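Notes for the structure review
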Amino acid sequence: MALRKALGYSEGDLMRSDCKPCSRLMRQTAGIFTVGGAFGFWVLCRLHYGPRITVPRSLRWAACGAVSTSSATALLVRLFSPECEPQNIAAYDIKR
């Protein structure tokens with residue numbers, strides 16, 4: 001699914017064996033951006049509603065921010081990271 005080959009950024013080489021596999025890289029990136037997205041959207045909610053803010057509304061905004069940013073960054077990692085090229089996934093990702 002990586003777009004690097006289609007865009008001409010990939011030469012098809014295998015990565016080094018001590019690099020992080022694609023699945024772990026996507027999981028860690030999504031985890032980090034979950035927290036950042038929740039905090040960022042909570043701030044946007046506070047700015048948008050001002051004194052009319054309610055707890056359920058701010059939690060809803062934070063949840064939407066967490067889901068949207070984590071899924072978007074995981075997709076971008078999957079599309080543009082060299083670890084997520086098909087030959088590296090076949091060689092280094094652990095099958096469950």
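Definitions and limits used
Residues numbered from 1 in each chain as written. Predicted model: local features only at pLDDT ≥ 70, side-chain atom pairs only at ≥ 80, totals over all residues. Heavy atoms only, no water. Helix = DSSP H or I, 4+ residues; strand = E, 2+ residues; numbered from the N terminus. Rg over C-alpha atoms; globule rule 2.2 N^0.38 Å. Buried < 20%, exposed > 50% of the residue type's maximum accessible area, 1.4 Å probe, protein only. Contact = heavy atoms within 4.5 Å. Areas by Shrake-Rupley, 256 points an atom, 1.4 Å probe, with all protein chains shown as cover. Axes fitted to C-alpha atoms, helices over the stretch in contact; angles between N-to-C directions. Left-handed = near helix turned anticlockwise from the far one by under 90°. Nonpolar A, V, L, I, M, F, W, Y, C, P; charged D, E, K, R; others polar. Expected span 1.5 Å × (residues − 1). Disulfide = S-S within 2.5 Å. pLDDT = per-residue confidence, 0-100.

Some remarks on the overall build of the protein chain
A tally of regular secondary structure across the protein chain gives 4 helices and 0 strands. When the helices and strands of the protein chain are placed in sequence order, the string is α-α-α-α. What you see for the protein chain is a C-alpha radius of gyration of 18 Å, clearly larger than the 12 Å of a compact globule of 96 residues, by over 25%. Projected onto its principal axes, the C-alpha coordinates of the protein chain cover approximately 55 × 30 × 20 Å. Counting all 96 residues of the protein chain, 32% fall into the buried class. In the protein chain, of all internal contacts separated by at least 6 residues, the share reaching a separation of at least 24 is 76%. Of the roughly 6,600 Å² that the protein chain leaves accessible, carbon and sulfur atoms contribute 66%.

Observations regarding the packing of helix H2 (residues 22–49) against helix H3 (residues 55–80)
For the pair H2 and H3, the least separation of the axes is 6 Å and the interaxial angle reads 145°. In this structure, the crossing between H2 and H3 has a hand that is right-handed. Residue classes in the contact of H2 with H3 are distributed as 16 nonpolar, 10 polar and 2 charged.

Some words on H2
Helix length check: H2, at 28 residues, gives a terminal C-alpha distance of 39 Å against a target of 40 Å (1.5 Å per residue), a fit within 8%. Restricting attention to buried positions, one finds in H2 the residues Cys22, Leu25, Thr29, Ala30, Gly37, Ala38, Cys45 and Tyr49. Buried residues belonging to H2 abut H3 and helix H4 (86–92). Phi for Gly50, located one or two positions after H2, is positive at around 60°.

What to know about the state of the cysteines
The tally for this structure, following the rule as stated, stands at 1 disulfide. Linked covalently through their sulfurs, Cys22 and Cys84 form a disulfide whose S-S length is 2.0 Å. Between Cys22 and Cys84 the disulfide shows an S-S torsion of about 95°. By sign, it is right-handed. Remark: Cys84 occurs in the loop between H3 and H4 and Cys22 occurs in helix H2; sequence separation between them is 62 residues. Residue Cys22 shares its accessibility class with Cys84, and that shared class is buried. The thiol sulfur of Cys45 is not disulfide-bonded, and the nearest other cysteine sulfur, from Cys64, lies at 10 Å. Overall, the relative accessible area of 0% leaves Cys45 in the buried class.

Comments concerning the confidence of the model for the protein chain
Scored by pLDDT, the protein chain has a mean of 87; 97% of the residues are at 70 or more. Predicted confidence in the protein chain is weakest over helix H1 (residues 4–7), with a mean pLDDT of 74, and strongest over H3, with 94.

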